[in-house]
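# Structural description and commentary
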There are 2 protein chains.
Amino acid sequence: MSDRLSAQIAFLKEADQLKSVLRASRLLDDSRRENSAEHSWHIMLYALVLADQAGPDVSIDRVLRMLLIHDLVEIDAGDAPIHGEVDHAAMAAKEAAAAERLFGLLPADQGAAFRALWDEFEAAETPDAVFAKCIDRLQTPIANLANGGGTWTQFGVSMPDLDLRVGRPIGRGAPGIWAWLRPQLTAFFERAAKG
Amino acid sequence: MSDRLSAQIAFLKEADQLKSVLRASRLLDDSRRENSAEHSWHIMLYALVLADQAGPDVSIDRVLRMLLIHDLVEIDAGDAPIHGEVDHAAMAAKEAAAAERLFGLLPADQGAAFRALWDEFEAAETPDAVFAKCIDRLQTPIANLANGGGTWTQFGVSMPDLDLRVGRPIGRGAPGIWAWLRPQLTAFFERAAKG
């Protein structure tokens, strides 16, 4: 038991580093960039609050567990901004190696369970994973609307880009949220085009 | 539905401020103070990983939900360091007012459910709340052991202080963890006493 606990605490100490992985997105008050640990906390709150937007076959408790661990691989692989230019195959390989190392710190049974949950999230096929991916895409547009454009301005993003990269996953997981959000996004980009 | 969603998103935007509430505790690499949002994420990971230390009547999913929302009141009330001098009655009143305002931003049914969960956590009586409180106390000692004393040095904390403020809640929720941790703490304070 003591060895098991020591391995678990070693993993939890390693996880502390996620607080130092910076995302492109900024806090709502524009004071600084957001890190992946606090982002993970925030989207779990999004998932719990917006649970009534999920389909009937979604388990919010499983979604919360997925979101809790979904970014841990960034400790080794870093964060790939959604609107940045990324070699997706290379990134996937880096993330798989990170999952191997990080979940490998845990006792074998637990490491395998965490890895299976992370693989399910990444594959984005089950109802739980589809809703989790939807929620993961939602927080940054809300922040960008609040702070004058944020990463959209930085990466020169247009409404067609958003329809593809944000609208598709959000609409797939929670069509009601996308129907509510999209008019606000088009209004923002129309205002921005008028300068 | 649209009004409900707008209220939910307003709450989620307000919650962003938890990323700017600083705790006394520091990151494991001692680079900066920790904020309450990333702390909340980290202790949820602690709860999930250490679930096998909880009693058989503990629901880890309910514990995760409690830990997700447990620090939101700090947006208005600030963080009270466990080893600092605090007027507990005044702090409890500030936190209750914060809960009223923040959970009051949500649709009424949801606000009431979140408030009931937070009240349960604060009361620390149910098995879920007892385990959640135990986990909330565990992360800082692990960080302090890793970074040479941290808040113990800052606040002049002794082993009897720790037995009372940390040992009691941890031992109540997970005696196996306290039996594993306490010898490490006593060894640390013995080394520190020798200078």
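Residues numbered from 1 in each chain as written. Chains lettered and ligands numbered in written order. Predicted model: local features only at pLDDT ≥ 70, side-chain atom pairs only at ≥ 80, totals over all residues. Heavy atoms only, no water.

Per an unreviewed UniProt entry, chain A goes by Putative hydrolases of HD superfamily and derives from Cribrihabitans marinus.

## Section: the overall build of chain A
Secondary structure summary: chain A contains ten helices and two strands in total. When the helices and strands of chain A are listed from N to C terminus, the series reads α-β-β-α-α-α-α-α-α-α-α-α. Over its C-alpha trace chain A gives a radius of gyration of 17 Å, about what one expects of a compact globule, namely 16 Å for 195 residues. Projected onto its principal axes, the C-alpha positions of chain A cover 65 × 35 × 30 Å. For chain A, buried positions account for 52% of its 195 residues. When contacts within chain A are restricted to residue pairs at least 6 apart in sequence, those whose partners lie at least 24 apart make up 66%. Carbon and sulfur atoms provide 53% of the accessible area of chain A, an area that totals close to 8,000 Å². (Helix = DSSP H or I, 4+ residues; strand = E, 2+ residues; numbered from the N terminus. Rg over C-alpha atoms; globule rule 2.2 N^0.38 Å. Buried < 20%, exposed > 50% of the residue type's maximum accessible area, 1.4 Å probe, protein only. Contact = heavy atoms within 4.5 Å. Areas by Shrake-Rupley, 256 points an atom, 1.4 Å probe, with all protein chains shown as cover.)

## Topic: the interface of chain A and chain B
Tallying the contact residues gives 50 residues for chain A and 50 residues for chain B. When the two sides are added together, the surface that chain A and chain B hide from each other amounts to roughly 4,500 Å², 68% of it contributed by carbon and sulfur. Between A:Glu34 and B:Lys19 there is a salt bridge, with its nearest N and O atoms 2.7 Å apart. Seen at the junction of chain A and chain B, the total is 28 residue pairs in polar contact (both at pLDDT 80 or more). (Buried area = accessible area lost by both parts, 1.4 Å probe. Salt bridge = Lys/Arg side-chain N within 4 Å of Asp/Glu carboxyl O. Polar contact = N/O pair within 3.5 Å; in protein donor to acceptor, adjacent residues only side chain to side chain.)

## Concerning the confidence of the model for chain A
Per-residue confidence for chain A gives a mean pLDDT of 95, with 99% of residues at or over 70. As scored by the predictor, the complex reaches a pTM of 0.97 and an ipTM of 0.96. (pLDDT = per-residue confidence, 0-100.)

## Here's the deal with the packing of helix 2 (residues 36-49) of chain B against helix 7 (residues 127-146) of chain B
Residue and element names in this part refer to chain B. The geometry of helix 2 relative to helix 7 is characterised by a closest axis approach of 9 Å and an angle of 110 degrees between their N-to-C directions. Relative to helix 7, the element helix 2 lies roughly perpendicular. The crossing of helix 2 and helix 7 is right-handed. The segment helix 2 lies against helix 7, with His39, His42, Ile43, Tyr46 and Ala47 engaging Phe131, Ile135, Asp136, Leu138, Gln139 and Ile142. Residue composition of the contact of helix 2 with helix 7, grouped by class: seven nonpolar, three polar and one charged. (Axes fitted to C-alpha atoms, helices over the stretch in contact; angles between N-to-C directions. Parallel < 35°, antiparallel > 145°, perpendicular 65-115°, else oblique. Left-handed = near helix turned anticlockwise from the far one by under 90°. Nonpolar A, V, L, I, M, F, W, Y, C, P; charged D, E, K, R; others polar.)

## Focus on the pattern of salt bridges
Scanning the entire structure with this criterion turns up 36 salt bridges over all chains. A salt bridge links A:Arg4 to B:Asp52; the shortest N-O distance between them is 2.7 Å. Here A:Arg4 is found in helix 1 (residues 2-15), whereas its partner B:Asp52 is found in the loop between helix 2 and helix 3 (60-69) on a different chain. Across the pair B:Lys133 and B:Glu122 runs a salt bridge whose closest N-O atoms are separated by 4.0 Å. A residue pair is termed long-range when its members are at least 10 positions apart, and B:Lys133 in helix 7 and B:Glu122 in helix 6 (residues 108-123) qualify at eleven residues.

## Section: unusual backbone geometry
Residue and element names in this part refer to chain A. One non-glycine residue, Asp30, lies in the positive phi region at around 65 degrees. Assignment of secondary structure puts Asp30 in the loop between strand 1 (22-26) and strand 2 (33-35). With relative accessibility at 38%, the residue Asp30 sits in the partly exposed group. Phi is positive for Ala124, close to 50 degrees, though the residue is something other than glycine.

## Considerations on the packing of aromatic side chains
According to the stated counting rule, one finds twelve aromatic pairs over all chains in the structure shown. Here the aromatic residues A:Phe11, A:Phe103 and A:Phe114 are joined through ring pairs into a cluster of three or more. (Phe/Tyr/Trp six-rings, centres within 6.5 Å; stacked < 30°, edge-to-face > 60°.)

## What about the relation of the copies chain A and chain B?
Least-squares fitting of chain A to chain B yields an RMSD of 0.0 Å, with the transformation described by 0.0 Å of translation along the axis and a rotation of 180 degrees. On this basis, the relationship between the two copies can be described by a two-fold rotation axis. Most of the interface of chain A is mirrored in chain B, where 100% of its interface residues are also at the interface. (Least-squares fit on C-alpha atoms with pLDDT ≥ 70 in both.)

## Quick word on the UniProt feature "domain: HD" (unreviewed entry) in chain A
Mapped onto this structure's residue numbering, the UniProt feature "domain: HD" (unreviewed entry) falls at residues 15-178 of chain A. Helix makes up 64% of residues 15-178 of chain A and strand 5%, with an end-to-end C-alpha separation of 33 Å. (UniProt positions renumbered as here; feature names shortened; annotations may be inferred.)

## Focus: the pairing of strand 1 (residues 22-26) of chain B
All names here are of chain B. Relative to strand 2 (residues 33-35), strand 1 runs antiparallel, the two being bridged by two bridges. Residue Leu22 lies in a different strand from strand 2, and its bridge partner there is Asn35. Between strand 1 and the antiparallel strand that follows it, strand 2, lie six residues; Asp30 among them carries a positive phi value of about 65 degrees. (Pairing = 2+ DSSP bridges.)

## Some points on the side chain of A:Glu34
When you line up the elements, A:Glu34 lands in strand 2. Of note is the side chain of A:Glu34, whose polar atom sits 2.5 Å from the side chain of A:Gln139. What A:Glu34 contacts, discounting residues up to four positions off in sequence, is A:Val21, A:Leu22, A:Arg23, A:Ser25, A:Arg26, A:Leu27, A:His39, A:Gln139 and B:Lys19.

## Quick notes on helix 6 of chain B
All names here are of chain B. With 16 residues, helix 6 extends 22 Å from end C-alpha to end C-alpha; this agrees with the ideal 22 Å at 1.5 Å per step. For helix 6, the set of buried residues is Gln110, Gly111, Phe114, Leu117, Trp118, Glu120 and Phe121. At the C-terminal side of helix 6, Ala124 shows a positive phi close to 55 degrees. (Expected span 1.5 Å × (residues − 1).)

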